[in-house]
Amino acid sequence: MAVQIHLGDNLDVMRRFSTGSFHLAYLDPPFNTGRRQAATRIRGTPDPDGTRVGFRGRRYRTERVSGPSFEDTFDDYPAFLGPRLEEAWRLLDPSGSLFLQLDWREVHHVKVLADALFGRRRFLNEIIWAWDYGGRSRRRWPAKHGNILWYAKNPRKYTFRAEEVDRIPYMAPELVGAEKAARGKSPTDTWWHTIVGPTSRERTGWPTQKPLGILERIVRVHSAPGDRLLDPFAGSGTLGEAALRLGRDAVLVDCDPRAVQVMERRLGVSACP
Ligand SMILES: C[S@@+](CC[C@H](N)C(=O)[O-])C[C@H]1O[C@@H](n2cnc3c(N)ncnc32)[C@H](O)[C@@H]1O
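Residues numbered from 1 in each chain as written. Predicted model: local features only at pLDDT ≥ 70, side-chain atom pairs only at ≥ 80, totals over all residues.

Engineer: Residue-level account of the overall build of the protein chain, with values.
Structural biologist: Secondary structure summary: the protein chain contains seven helices and 11 strands in total. Across the 273 residues that make up the protein chain, the buried fraction comes to 31%. For the protein chain, long-range pairs separated by at least 24 residues make up 70% of all intrachain contacts whose partners lie at least 6 apart in sequence. (Helix = DSSP H or I, 4+ residues; strand = E, 2+ residues; numbered from the N terminus. Buried ≥ 20, exposed ≤ 12 C-beta atoms within 10 Å, placed from the backbone. Contact = placed C-beta atoms within 7 Å.)

Engineer: A description of unusual backbone geometry should follow, citing residues and the corresponding values.
Structural biologist: You will see that T208, though not glycine, has its phi angle at about 65°, which is positive. You can see T208 is positioned in the loop between β9 (190–192) and α5 (212–222). With 20 C-beta atoms counted inside 10 Å, the residue T208 sits in the buried group.

Engineer: Lay out the site of the ligand in plain terms, naming residues and giving numbers.
Structural biologist: With respect to spatial proximity, 19 residues lie near the ligand, and among them D28, F233, G235, S236 and T238 are the closest. Here the residues of the shell around the ligand are counted per class, giving eight nonpolar, six polar and five charged. (Near = placed C-beta within 6 Å. Nonpolar A, V, L, I, M, F, W, Y, C, P; charged D, E, K, R; others polar.)

Engineer: I'd like a description of the nonpolar core, backed by residues and values.
Structural biologist: Grouped together as the largest cluster of nonpolar side chains are 50 residues, with contacts concentrated most on A25, Y26, A88, L100, L229, L239 and L252. When sequence neighbours within four positions are dropped, the list of residues in contact with Y26 reads F99, L215, I218, D231 and L239. (Core = buried A, V, L, I, M, F, W, Y, C linked by C-beta atoms within 7 Å.)

Engineer: Break down the packing of helix α6 (residues 238–246) against helix α7 (residues 257–267) for me, citing the residues and quoting the values.
Structural biologist: Their axes nearest at 10 Å, the elements α6 and α7 cross at an angle of 20°. Relative to α7, the element α6 is oriented roughly parallel. In this structure, α6 meets α7 at a crossing whose hand is right-handed. Residues G240, E241 and L244 of α6 form the contact with α7, whose own contacting residues are M263, R266 and L267. Tallied by class, residues from the contact of α6 with α7 come to three nonpolar, one polar and two charged. (Axes fitted to C-alpha atoms, helices over the stretch in contact; angles between N-to-C directions. Parallel < 35°, antiparallel > 145°, perpendicular 65-115°, else oblique. Left-handed = near helix turned anticlockwise from the far one by under 90°.)

Engineer: I'd love a proper account of the sheet that holds strand β1 (residues 3–7), names of residues and values included.
Structural biologist: Strand order across the open sheet formed by eight strands is β1-β11-β10-β2-β6-β8-β7-β9, with mixed pairing between neighbours. Two strands bound the open sheet, and with one partner strand each, they are β1 and β9. In this sheet, adjacent strand axes meet at a mean angle of 20° when their direction is disregarded. Summarising the sheet, strand β2 (residues 22–27) and strand β10 (residues 228–231) pair through two bridges and their orientation is parallel. Within β10, the position partnered with A25 by the bridge is L230. Here helix α3 (residues 107–118) sits on the sheet and contacts β6 (92–102), β7 (123–130) and β8 (145–152); the angle it forms with β8, its principal contact strand, is near 5°. (Pairing = 2+ DSSP bridges.)

Engineer: How would you explain the pairing of strand β11 (residues 249–254) if you had to name every residue and give the values?
Structural biologist: With six of six residues buried, β11 is to be regarded as a mostly interior element. With burial as the criterion, each face of β11 is covered, one bearing D249, V251 and V253 and the other bearing A250, L252 and D254. As judged from the five bridges shared by β1 and β11, these two strands associate in the parallel manner. Residue pairing in the sheet places Q4 in a bridge with V251 of β11. Relative to β11, β10 runs parallel, the two sharing four bridges. Looking across to β11, one finds that R228 is bridged to D249. Handedness of the crossover joining β10 and β11 through α6: right-handed. (Right-handed = clockwise from strand over helix to strand, strands pointing away.)

Engineer: Could you give an account of the environment of P257, with specific residues and numbers?
Structural biologist: One can find P257 in helix α7. Overall, P257 belongs to the exposed group, with 10 C-beta atoms counted inside 10 Å. With 250 residues separating them along the chain, P257 and L7 place their C-alpha atoms 6.6 Å apart.

Here it is as structure tokens:
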């Protein structure tokens, strides 16, 4: 299986590919949060007065250190996103699917835009990705979810491999009996999955990195081995890693050279010249 990495504006790069040449597109654009997106990591420095105790009782002082960052402010977000959505849609084959990752700030605007571009009847699901990690505001309900919109090129013929859907534990196993409880149940359109935390093994250091578990579920259920996948806002290349693990080809694009370096390291592939 092969992964291609491209450095550049995704609008230019996507225009180079032929119509209908991908089965699945996953788009995780900047969310227009109005601030810079920055990765932080925890650094531990040996310190006898430190509060963290490690191997053999050694003490460490921990501090947050800034990593790479990118600008996430757009004067006209639909004007930025619209042409890129159209281009990704053009690249999908007749039974292909497009997954669009958003957050609560923009999802309603972008849903209206995407309905107008793709047709409302092609909208199949809004998946809520819910997590429970991190600080809790005392002034309002802490926002701990992302929104993933799924559109299918043909709402009657698309890939949904029900047999590939993983099982999750019942919330109240005592109500369903031992056998069912052991088998687990299939998830709904609300997916509980923790974020890539500061000390997670998956962590690449790229801000807004999405969890591999979320991408693997999308890839496994909505494409078959050998299919070609597209991620035009690839960041750290999570879709690429899911594709490699599951035997799919992928084309990854990012306009930031630091993201491309992260992907090259993560996937062991050099970017296309
Ligand atoms: C939310 S992040 C993607 C994170 C990614 N899904 C991951 O798991 O690491 C959005 C990415 O889009 C990139 N980006 C923003 N505008 C772009 C453009 N016009 N062309 C290509 N990449 C772009 C940013 O550099 C950033 O890496």
